[in-house]
Number of protein chains: 2
Amino acid sequence: MSQLTSTHEKVGYLPGSKPSTHTAFTAASGIENAVRMLEGRWKLVILFNLFGGRLMRFSDLERAIPDISQKMLIQQLRQMEADGIVTRLVHHQVPPKVEYGLTAWGQSLCPALDALLTWAEARPASPDAQ
Amino acid sequence: MSQLTSTHEKVGYLPGSKPSTHTAFTAASGIENAVRMLEGRWKLVILFNLFGGRLMRFSDLERAIPDISQKMLIQQLRQMEADGIVTRLVHHQVPPKVEYGLTAWGQSLCPALDALLTWAEARPASPDAQ
DNA sequence: CCGCATCCAACGAGATACTG
DNA sequence: CAGTATCTCGTTGGATGCGG
């Protein structure tokens, strides 16, 4: 279910003709929301460690991402939790144990990121004059 | 040609088993490059005004995006030009005339953004405990 | 018309130290 | 173990004014 056309032809969300659900501005702001959730120095790295559906403890993530500080790790996790991307599961134990995972919606980010990765790697080496 | 699996099953880029071309870190950094090019307050709005393959003058873009400052417009355009996403065509005239458009690679961003938009709009209203 | 330079405020993110 | 608190700094983006 594609909302934007991917061709070089005229597209449906252009101002003037809006047969589709989106104008240039609504489409942009919708994607901006997505990009905002993905911004942040570490979010994608965290996400990729969580893809696959397994749960990881705070300390697991710390080990998996050596250069991250505790502050950044918790901050980015909490933001993604607030965004509905990651789940936070607290086990009331001594010592404490908290596991992080992905929501179903978070999992569904995977194909979109795949598209982005494919695009990024298709970058031509030499500048192409259109 | 998908490089990441989109299922909830085990995925190929996970540490330990790397039959695919990507580890969690190379995949993340590849996408980070893409996200970095899309960050910036106005880049997506500019992009959407350029999709469709038509050329737009500097002043056209200024009019199309009322709240943007000249500094921001030129800055984001130049960055995207450096990234190989937009083209810059200078007509040596009096008064000056410069037209901006998308490279072929820039055009090919469209489906990837579409995937992101579809994902963003699929966000569940209520928090879903996975 | 198109763009550059400068100054400034706001925010993101790292380092470090401390707590339940 | 899993956080919180504070400080600092680099970067981003806005406003304004000048130049080819």
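Refer to the structure presented above.
Scope of this entry: the structure provided in the associated data block. (Residues numbered from 1 in each chain as written. Chains lettered and ligands numbered in written order. Predicted model: local features only at pLDDT ≥ 70, side-chain atom pairs only at ≥ 80, totals over all residues. Heavy atoms only, no water.)

**Observations regarding the pattern of salt bridges**
All names here are of chain B. Going through the model one piece at a time under the given rule, you end up with four salt bridges over all chains. A salt bridge links R63 to D60; the shortest N-O distance between them is 3.2 Å. Of this pair, R63 and D60 are both found in helix α3 (residues 58-64), three residues apart, which corresponds to roughly one turn of the helix. The salt bridge involving R78 is made with E81; its shortest N-O contact spans 3.7 Å. (Salt bridge = Lys/Arg side-chain N within 4 Å of Asp/Glu carboxyl O. Helix = DSSP H or I, 4+ residues; strand = E, 2+ residues; numbered from the N terminus.)

**What to know about the protein's contact with DNA strand C**
If you check the shell around DNA strand C, you find 19 residues, and the closest are K71 and M72 of chain A together with R57, S59 and R88 of chain B. The sugar and phosphate moieties of DNA strand C supply 63% of its atoms located within 4 Å of the protein. For DNA strand C, a phosphate oxygen lies 2.7 Å from a polar atom in the side chain of R57 of chain B. Here a phosphate oxygen of DNA strand C and a side-chain polar atom of R78 of chain B are 3.0 Å apart. Broken down by secondary-structure element, the contributors of at least two residues to the surface near DNA strand C are α4 (70-82) of chain A together with α3, α4 (70-82) and β3 (97-102) of chain B. In terms of residue count, the dominant contributor to the surface near DNA strand C is α4 of chain B (four residues). (Near = heavy atom within 4 Å. Polar contact = N/O pair within 3.5 Å; in protein donor to acceptor, adjacent residues only side chain to side chain.)

**Overview of the sheet that holds β3 of chain B**
Residue and element names in this part refer to chain B. What the three strands build is an open sheet, ordered β1-β3-β2; its pairing is antiparallel. Looking at the sheet topology across the chains shown, the edges are occupied by β1 (56-57) and β2 (86-91). Against the sheet, helix α2 (residues 43-50) touches β1, β2 and β3, its axis set at about 90° to β3. (Pairing = 2+ DSSP bridges. Contact = heavy atoms within 4.5 Å. Axes fitted to C-alpha atoms, helices over the stretch in contact; angles between N-to-C directions.)

**Digging into the side chain of K43 of chain B**
Residues and elements named next belong to chain B. As for its position among the elements, K43 is in helix α2. Comment: no salt bridge for buried K43; closest opposite-charge side chain is D83, at 4.6 Å. At a separation of 2.8 Å, a polar atom in the side chain of K43 contacts the side chain of Q79. What K43 contacts, discounting residues up to four positions off in sequence, is R36, M37, L38, Q76, Q79 and M80. (Buried < 20%, exposed > 50% of the residue type's maximum accessible area, 1.4 Å probe, protein only. Lys, Arg positive; Asp, Glu negative; His and termini not counted.)

**What to know about the pairing of strand β3 (residues 97-102) of chain A**
Residue and element names in this part refer to chain A. When you tally the buried positions in β3, you get five out of six residues, the bulk of the element. Relative to β3, strand β1 (residues 56-57) runs antiparallel, the two being bridged by two bridges. If you follow M56 over to β3, its bridge partner there is Y100. Linking strand β2 (residues 86-91) back to β3 in an antiparallel pair, the connection comprises five residues.

**Considerations on the protein's contact with DNA strand D**
Around DNA strand D, the surrounding shell holds 21 residues, and the nearest of these are S59, I74, R88 and Y100 of chain A together with K71 of chain B. Close to the protein, within 4 Å, the atoms of DNA strand D belong to sugar or phosphate groups at a rate of 56%. A distance of 3.4 Å separates a phosphate oxygen of DNA strand D from a polar backbone atom of V98 of chain A. The contact in question runs from a phosphate oxygen of DNA strand D to an N or O atom on the side chain of Q76 of chain B, over 3.4 Å. Looking at the surface near DNA strand D, the elements with two or more residues in it are α3 (58-64), α4 and β3 of chain A together with α4 of chain B.

**Quick notes on helix α1 (residues 24-38) of chain A**
Taking 1.5 Å of rise per residue, the 15 residues of α1 of chain A would be expected to cover 21 Å, and the 21 Å separating its terminal C-alpha atoms lies within 8% of that figure. Buried within α1 of chain A we find A24, A27, A28, G30, I31, E32, A34, V35, M37 and L38 of chain A. On the buried face of α1 of chain A, the contacting elements are α2 (43-50), α5 (104-107) and α6 (109-121) of chain A together with α1 (24-38), α2 and α6 (109-121) of chain B. (Expected span 1.5 Å × (residues − 1).)

**Some remarks on the packing of α2 of chain B against α4 of chain B**
Residue and element names in this part refer to chain B. Taken N-terminus to C-terminus, the directions of α2 and α4 make an angle of 75°; their axes are 10 Å apart at the nearest point. Relative to α4, the element α2 lies roughly perpendicular. Of the residues in α4, those in contact with K43, I46 and L47 of α2 are L73, Q76, L77, Q79 and M80. (Parallel < 35°, antiparallel > 145°, perpendicular 65-115°, else oblique.)

**Comments concerning the environment of F48 of chain A**
Along the chain, the position of F48 of chain A falls in helix α2. Sequence separation of F48 of chain A and C110 of chain A is 62 residues, and the distance between their C-alpha atoms is 8.9 Å.

**What about the packing of α6 of chain A against α6 of chain B?**
Interhelical geometry of α6 of chain A versus α6 of chain B gives an angle of 165° and a closest axis separation of 9 Å. Put simply, α6 of chain A runs roughly antiparallel to α6 of chain B. The handedness of the crossing between α6 of chain A and α6 of chain B is left-handed. Residues L109, A112, A115, L116 and W119 of chain A of α6 of chain A pack against L109, A112, A115, L116 and W119 of chain B of α6 of chain B. (Left-handed = near helix turned anticlockwise from the far one by under 90°.)

These figures capture arrangement, not role.
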